[in-house]
Amino acid sequence: MKKTAQLVYSIICDDVRIEMGNKLSLMGVFENIFFQSVPSALLKFAIVNHWVGTGQFETHVKILAPDRKEVVVSVPSKFSIETNGYADNVTFFTNVGFERTGAHIVQIYIDGNIAAERHLYVHHVPPAPATVN
């Protein structure tokens with residue numbers, strides 16, 4: 001049997017829970033990160049990749065700096081899809097440091113081949129100045 005996998009969607013969020021009936025609950029879906037100072041770190045987030053197809057696969061989720069040269073973080077994992085089924089592959093990240101602002105690139109690989117790219121925007125929003133009344 002030939003193995004195939006197609007990425008249907010990829011979502012970045014704060015956290016993922018598995019509910020009754022094997023349903024996923026995604027909390028805090030986002031594509032923008034706002035820091036009061038840069039460099040800074042995001043304590044926890046997840047990327048959910050929904051695949052359809054058949055077979056066993058290795059996936060890799062990488063986040064690149066805006067210059068596309070520096071790898072901010074890279075996490076491999078494995079998953080399988082039953083015949084003509086689907087799989088939700090969830091990759092959790094902790095304490096990821098972002099050194100600069102700009103459009104970071106999220107790359108999703110399957111068996112060494114790139115399946116998709118999307119942006120994760122990092123912004124610097126300085127704290128409001130203290131006011132004296």
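Residues numbered from 1 in each chain as written. Predicted model: local features only at pLDDT ≥ 70, side-chain atom pairs only at ≥ 80, totals over all residues. Heavy atoms only, no water.

Another aspect to go through is the overall build of the protein chain. Per the secondary structure count, the protein chain includes 0 helices and 7 strands. Secondary structure elements of the protein chain, listed N to C terminal, follow the sequence β-β-β-β-β-β-β. A total of 133 residues make up the protein chain; the buried ones form 34% of that total. In the protein chain, of all internal contacts separated by at least 6 residues, the share reaching a separation of at least 24 is 66%. Total accessible area computed for the protein chain in this model is approximately 8000 Å², and 52% of it derives from carbon and sulfur atoms. Averaged over its 11 positive side-chain charges, the protein chain has a centre that lies 3 Å from the centre of its 12 negative ones. (Helix = DSSP H or I, 4+ residues; strand = E, 2+ residues; numbered from the N terminus. Buried < 20%, exposed > 50% of the residue type's maximum accessible area, 1.4 Å probe, protein only. Contact = heavy atoms within 4.5 Å. Areas by Shrake-Rupley, 256 points an atom, 1.4 Å probe, with all protein chains shown as cover. Lys, Arg positive; Asp, Glu negative; His and termini not counted. Charge placed at Lys NZ, Arg CZ, Asp CG, Glu CD.)

Turning our eyes to something else, we now look at the side chain of histidine 104. By secondary structure assignment, the location of histidine 104 is in strand β6 (residues 102-110). Look at histidine 104 and you get buried, because its relative accessible area is 1%. At 3.2 Å, the side chain of histidine 104 forms a polar contact with the backbone oxygen of glycine 102. Leave out the neighbours within four places in its chain, and histidine 104 touches Ile63, Leu64, Ala65, Pro66, Val72, Phe98, Arg118, His119, Leu120 and Val122. (Polar contact = N/O pair within 3.5 Å; in protein donor to acceptor, adjacent residues only side chain to side chain.)

What follows covers the confidence of the model for the protein chain. Considering every residue of the protein chain, the mean pLDDT works out to 95; 99% of them sit at 70 or more. Per-element averaging of pLDDT across the protein chain places strand β5 (residues 71-98) at the bottom with 95 and β6 at the top with 98. (pLDDT = per-residue confidence, 0-100.)

Once that is clear, we can look at the environment of threonine 83. Following the sequence through the fold, threonine 83 ends up in strand β5. Taking C-alpha positions, threonine 83 is 9.2 Å from methionine 1, a pair spaced 82 residues apart along the chain. Not counting residues up to four positions away in its chain, the partners in contact with threonine 83 are Met1, Gly53 and Thr54.

Further remarks concern the pairing of strand β1 (residues 4-18). Alignment of β1 against strand β4 (residues 40-64), held across 9 bridges, turns out to be antiparallel. By the bridge assignment, isoleucine 11 is partnered in β4 with valine 48. In this sheet, strand β2 (residues 24-29) lies alongside β1 in antiparallel orientation, the contact comprising 5 bridges. Pairing of arginine 17 across the sheet is with serine 25, part of β2. Following β1, the chain reverses through 5 residues before pairing antiparallel with β2; glycine 21 in that reversal takes a positive phi of roughly 80°. (Pairing = 2+ DSSP bridges.)

Formed by 24 residues in total, the largest nonpolar core has its most connected members in Ile33, Phe45, Phe98, Val106 and Leu120. Of all the secondary-structure elements, those providing two or more residues to this core are β1, β3 (32-35), β4, β5, β6 and β7 (113-124). Ignoring sequence-local partners within four residues, the contact set of isoleucine 33 consists of Leu42, Phe98, Leu120, Tyr121, Val122 and His123. (Core = buried A, V, L, I, M, F, W, Y, C linked by side-chain atoms within 4.5 Å.)

The next thing to look at is the pattern of salt bridges. Counted according to the given criterion, the structure contains 6 salt bridges. Note that aspartate 15 and lysine 44 form a salt bridge whose closest N and O atoms lie 3.2 Å from each other. Of the two residues, aspartate 15 is situated in strand β1 and lysine 44 in strand β4; the sequence distance between them amounts to 29 residues. A salt bridge links glutamate 70 to arginine 100, with the shortest nitrogen-to-oxygen separation between them at 2.8 Å. Pair noted here: glutamate 70 is in the loop between β4 and β5 and arginine 100 is in the loop between β5 and β6, with a separation of 30 residues, a long-range link. Since its relative accessible area comes to 30%, glutamate 70 is described here as partly exposed. (Salt bridge = Lys/Arg side-chain N within 4 Å of Asp/Glu carboxyl O.)

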